[in-house]
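# Commentary on secondary and tertiary structure
Listed below, chain by chain, are the residues.
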Amino acid sequence: MHDLVVECPVRLTESNRDELRLLYADLRDHYARRDARDGTRTTLHFVWSGDLAPELFGATYADQRHIFSASRPVINSAKHPDRLQETNRWLSGSAQPNGASLRT
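What this report covers is the structure whose coordinates are included nearby. As the structure is a prediction and not an experimental result, all values here were calculated from the model.

Attention shifts here to the side chain of threonine 60. Residue position: threonine 60 is located in helix α2 (residues 54-68). A residue is classified by how much of its surface remains accessible, and threonine 60, at 1% relative accessible area, is buried. A polar side-chain atom of threonine 60 sits 2.6 Å from a polar atom in the side chain of tyrosine 24.

So this is what it looks like as structure tokens:
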């Protein structure tokens, strides 16, 4: 079995949480079938832009954890115009008010 990484550019806004949940479910199902067929393990690398306020990111991160559970590795990073910042490093913070844990 060999590992693959797929980069997924994503924009976070206040109004696209439902669409992101659908995207996560579609990606989970697609890569589960493909990995089973090809004998691979795919890591999804979400590269975020947009409003990365803790409450918005915490909510979508909780959705990721729920939808992907242990099905595959997921990496999150934030794209800034002048640099790429590893978002997973932020995730050692405390739980968000909406109950979403930021711990990896």
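That covers the picture; the talk isn't over yet.
Okay, the nonpolar core next. In this structure, Cys8, Leu12, Tyr24, Leu44, Phe46 and Trp48 are the most contacted members of the largest nonpolar core, which totals 19 residues. Elements represented by at least two residues in this core include exactly β1 (2-12), α1 (17-38), β2 (40-50) and α2. The contacts of tryptophan 48, once residues within four sequence positions are left out, are Val10, Arg11, Leu12, Leu20, Tyr24, Phe57, Thr60, Gln64, Asn76, Ser77, Ala78 and Lys79.

The rules we used
Residues numbered from 1 in each chain as written. Predicted model: local features only at pLDDT ≥ 70, side-chain atom pairs only at ≥ 80, totals over all residues. Heavy atoms only, no water. Helix = DSSP H or I, 4+ residues; strand = E, 2+ residues; numbered from the N terminus. Buried < 20%, exposed > 50% of the residue type's maximum accessible area, 1.4 Å probe, protein only. Polar contact = N/O pair within 3.5 Å; in protein donor to acceptor, adjacent residues only side chain to side chain. Core = buried A, V, L, I, M, F, W, Y, C linked by side-chain atoms within 4.5 Å. Contact = heavy atoms within 4.5 Å.

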